[in-house]
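Summary of the model geometry
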Protein chains: 2
Amino acid sequence: MNQNYEKLEEQLKRAQALQAASTIFSWDNETLAPEGAVEKTSVYMGQLSMEYMKVMTSPEIKEAAKALEGGEGLTEVQQAIAEKVRKDIHDMDVIPPEEYQAYSELTAKAGTVWAKAKKQNDYSLFAPVLKDLISYQRKFAGYRAKDGQRLYDVLLEDYEEGFTMKELDRFFDRMRKEIVPLLKEVRKKLDMIDSSAVFQEYDIEKQKEFSRFLAEYLGFDFTKGVLGESEHPFTDSLHNEDVRITNHYYPDNLESAIFSVIHETGHALYEGGNSDEVTMTPVQGGASCGMHESQSRMFENVIGRSRAFWEPIYGKLQETFPEQLENLPLEDFIRIINRVHPDLIRTEADELTYCLHIMVRYEMEKKMIEECSVEDLPEMWNSLYEEYLGIRPETDTEGILQDVHWSFGGFGYFPSYALGNAFASQIYAQMEKDLEVEQLLKEGNLKPIREYLKEHIHQYGASRKTRRLLKDLTGEEFNPDYYVDYLKNKYTALYELN
Amino acid sequence: MNQNYEKLEEQLKRAQALQAASTIFSWDNETLAPEGAVEKTSVYMGQLSMEYMKVMTSPEIKEAAKALEGGEGLTEVQQAIAEKVRKDIHDMDVIPPEEYQAYSELTAKAGTVWAKAKKQNDYSLFAPVLKDLISYQRKFAGYRAKDGQRLYDVLLEDYEEGFTMKELDRFFDRMRKEIVPLLKEVRKKLDMIDSSAVFQEYDIEKQKEFSRFLAEYLGFDFTKGVLGESEHPFTDSLHNEDVRITNHYYPDNLESAIFSVIHETGHALYEGGNSDEVTMTPVQGGASCGMHESQSRMFENVIGRSRAFWEPIYGKLQETFPEQLENLPLEDFIRIINRVHPDLIRTEADELTYCLHIMVRYEMEKKMIEECSVEDLPEMWNSLYEEYLGIRPETDTEGILQDVHWSFGGFGYFPSYALGNAFASQIYAQMEKDLEVEQLLKEGNLKPIREYLKEHIHQYGASRKTRRLLKDLTGEEFNPDYYVDYLKNKYTALYELN
């Protein structure tokens, strides 16, 4: 084997172990660590991430990665690994260490300030911190910008390589022109669907049992994974043979637990579907945030809210909750879980309004990175909600302070959520050409679907880029038509708009 | 602050974080990791322990620790830390790295071989591995032996500094002369106590609930700790604000879960009682294995099997299991949980026979380290059991293959278990002079007991040695009389031998 690659691998083995340690600590913190442990445990976690940084910026790794430029004698995955390492090193190298240190201290406290401001509905607490966060983001993006690259594009590409404002503007323009008017029509008929059946009292132990069933039904392998519980559902993985998802259960809401576990299982299938070549390396995981989200959203929405999916298992759900669902026909259940319910909170959004929540954030971030006037942001947020969703937040808690992302410096992250939905539609359309998807769902045979996604997407981890995966699988570039058509067809039919 | 100490501390901070990562991985493995994850996760764990070794043998830490010899300007705890580091470095330095590597590989596979041999009741599978393990132990002990020191003494001092064969021979001689004959007498009257009441069907959820109650009643702080579940109960801690215990529940045995959780809570109070000065340092934890065991055993046996302890809470136990215990008076319950039941398995032993199980292992280890003839060991084991406990194993699974310890190289470990009981009796006798222990137990007021133990033992972690703690607290050197008297008084009364 290439000697330089061996040297690189030796350092990466160290880095991966340190990163896995951070992952297991963070999983533990979210799921079961005692509340009093946080302060001291965070000292360990801080130290481990410093050790990781030290390995990733060591002369040994830099030299090895540089010597591998050109990629002679390397496999495709090895090339992708070396390239990723070079990119990470470059991104860290261009930022002066003392500025990075100051920024780390800022983000370390920003989360707490944001949480307090949100709790007290007091934006003025968070505004100065947000101002500093934005200013660092701009400064760092400036260091990293290639010739003439716009600052927000630098940030966008952190999450979705190859997707700049040019492309996203086009994408969101279509949403504005087609989905906003569609929502206006739907809003007139919201009371067509009575959803009270899913908001009765649902025994939490039974919800857990059914969630476990759903995960397994979708293909989650419990010999290589764990289903835990946390405040907010999430997916973590140590490697392709230890993938962990969590769920959260509400006593009076059946929908939340069901669709969260399907969503997280979508993420988990991606992680667990990574090949042995990419797992435990820097290209473990997904091709991009958006591609990862495409898998969770496809399972949650396109598959998980379809009639075909529920046909073989709705009976089991009824048996689990006979009192609540015995008299609710499958048809009605399907209508309920697909209903539109425009409200202020992104994480609770339905499929139709979801991308509009994202559009608000996208437009705001563009302005935030261009010219920062934090005082104007709450009003800007509220106006955009009124314009796109037809509702206006009455508090900053439900408005500008709603999401955690900016407090950890995640500018440019949001658009991936919307892109994920669009990728999902494009991929699903292709899958329908290649497989009898609906038939398979009706038969409760999800294995061919999993295998298809594994073959075309999951196995590669991040060793192939999102754009390439899309192109190779569907034969065309990213095309938002599939998503727009999907939403239009689905909601026109559901609300009988024609 | 001393500059050299700062340098030492910088390295120790790294080492502690790496060790904490190993601890959390191992907790996770024992409690909830999926079975399929083991192989890949063990790569991370191996790497993390290599990183730890690297830090602990780095020139930086060696220089700093050496420069601190003499201890000028250091606090007592800082001196203890520096001394511990120097000792660890010395122990690692005298062993040639290639031999250490080979030994690590041997122990890595030995556990699996032992488990297989035990399962198949086939000692011949394990014998060659055991022979190699013993040979490495002797070789390494030789490297580390000071002038004229006997090899087994080197090993014994790893677990219990200041306790050599000279002392242990005296200790076990007393057991042989006083406890073996006492057991002979007791054996004649075993059927005095009918224990069937605790071996009925006991609902596992209720056992969990009661275990949680017991831990909390004893003072386990659930805001700084977790009670989990695992095959074998154990205690782990990340620091004094994150202490974790596990329990195991059997559907037809109430005793096991109850006394395991009391035992582990004893360990947990020690870890949680560490001062902030010792936690997150190399002197975190207990003064020695035996001292740690003294705390778990004191709570499990001396306190946990006493009438005074159960007086305020037996009613609650009866309420939890009315069908099974309603008609069992407290008196009978106390007799049952204190009964003698000589059998072959150490971990299930009662208080009276426990030290005899250890004596068998002690005598065998002395011979194993002196002259190794692995073929003779099974017979040696069986004869000693017959001699001391009056029963003879019929299989090697229940005999020579019973314990995991030798497979991970833990030679010299066993005596600590017996010493722990003896320390417990000596400490308890002193505590009875200083506190109205029985009265406090009857009132359900355990706080003064915890505080007493924290003040005299727990707070110091490993910064003060076992011998010193005993001397400072009781005013005398280690004295096995307390233990012998305790056992004689207790069992003479229980079995009405006088």
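Being a predicted model, the structure only gives us computed values, none of them experimental. (Residues numbered from 1 in each chain as written. Chains lettered and ligands numbered in written order. Predicted model: local features only at pLDDT ≥ 70, side-chain atom pairs only at ≥ 80, totals over all residues. Heavy atoms only, no water.)

All names here are of chain A. By the element assignment, Y486 lies in helix α22 (residues 481-494). Sequence spacing of Y486 and A429 is 57 residues, and the spatial spacing of their C-alpha atoms is 9.4 Å. Those residues in contact with Y486, other than ones at most four positions away along the chain, are N301, V302, E351 and S425. (Helix = DSSP H or I, 4+ residues; strand = E, 2+ residues; numbered from the N terminus. Contact = heavy atoms within 4.5 Å.)

Residue and element names in this part refer to chain A. As assigned here, chain A comprises domain 1 (1-93) and domain 2 (96-498). Distance between the C-alpha centres of domain 1 and domain 2: 27 Å. With 20 residues of domain 1 in contact, the opposing surface of domain 2 contributes 24 residues. Where domain 1 abuts domain 2, roughly 1,800 Å² becomes buried across the two surfaces, and 63% of that area is made up of carbon and sulfur atoms. Counting across the domain 1 and domain 2 interface gives 4 salt bridges. (Domains from an automatic or database assignment. Buried area = accessible area lost by both parts, 1.4 Å probe. Salt bridge = Lys/Arg side-chain N within 4 Å of Asp/Glu carboxyl O.)

Before going further, it helps to examine the interface of chain B and chain A. Facing the 40 residues of chain B at the interface are 40 residues of chain A. Buried area between chain B and chain A, summed over both chains or domains, comes out near 3,400 Å², and the portion from carbon and sulfur atoms is 64%. Viewed at the interface, chain A and chain B are joined by 8 salt bridges. Of the charged contacts in the structure, one is a salt bridge between R14(A) and E51(B), with a shortest N-O distance of 2.7 Å. Where chain B packs against chain A, one counts 14 residue pairs in polar contact (both at pLDDT 80 or more). When contributions to the side of chain B that touches chain A are tallied by element, the ones reaching two or more residues are α1 (3-31), α2 (38-56), β1 (225-229), β2 (235-239) and β3 (242-247) of chain B. Ranked by residue count, the leading element in the side of chain B that touches chain A is α1(B), at 11 residues. Its residues placed into classes, the side of chain B that touches chain A shows 18 nonpolar, 10 polar and 12 charged. (Polar contact = N/O pair within 3.5 Å; in protein donor to acceptor, adjacent residues only side chain to side chain. Nonpolar A, V, L, I, M, F, W, Y, C, P; charged D, E, K, R; others polar.)

Counting 131 residues, the largest nonpolar core has L130(A), F309(A), W310(A), L317(A), F333(A) and I449(A) as its most contacted members. Element by element, the count of residues in this core is highest for helix α16 (residues 351-370) of chain A, at 11 residues. If we skip the residues at most four places from it in the chain, L317(A) touches F210(A), L254(A), I258(A), W310(A), L325(A) and F333(A). In this structure, Y103(B), L325(B), V360(B) and I391(B) belong to the second largest nonpolar core, which totals 129 residues. (Core = buried A, V, L, I, M, F, W, Y, C linked by side-chain atoms within 4.5 Å. Buried < 20%, exposed > 50% of the residue type's maximum accessible area, 1.4 Å probe, protein only.)

Backbone-to-backbone hydrogen bonds join strands into a sheet, with any given pair of strands oriented parallel or antiparallel. Residues and elements named next belong to chain A. Across the sheet, 3 strands lie side by side as β1-β3-β2; this open sheet has mixed pairing. Every interior strand has two partners, whereas the edge strands, β1 (225-229) and β2 (235-239), have only one. Going across the sheet, the axis of each strand differs from the next one's by a mean of 20°, ignoring polarity. Pairing of β1 with strand β3 (residues 242-247), which is carried by 5 bridges, proceeds in the parallel orientation. In the sheet register, E229 faces β3, and the bridge partner there is N247. Sheet contacts for helix α1 (residues 3-31): β1, β2 and β3; angle to β2, the most-contacted strand, approximately 145°. (Pairing = 2+ DSSP bridges. Axes fitted to C-alpha atoms, helices over the stretch in contact; angles between N-to-C directions.)

Moving on to the UniProt feature "active site" (unreviewed entry) in chain A. Residues and elements named next belong to chain A. Sites flagged by UniProt as "active site" (unreviewed entry) map to E264. Note on placement: E264 falls in helix α10 (residues 254-273). Taking the relative accessible area as the measure of exposure, E264 reaches 7% and is therefore buried. Side chain to side chain, E264 and T235 meet in a polar contact 2.7 Å long. (UniProt positions renumbered as here; feature names shortened; annotations may be inferred.)

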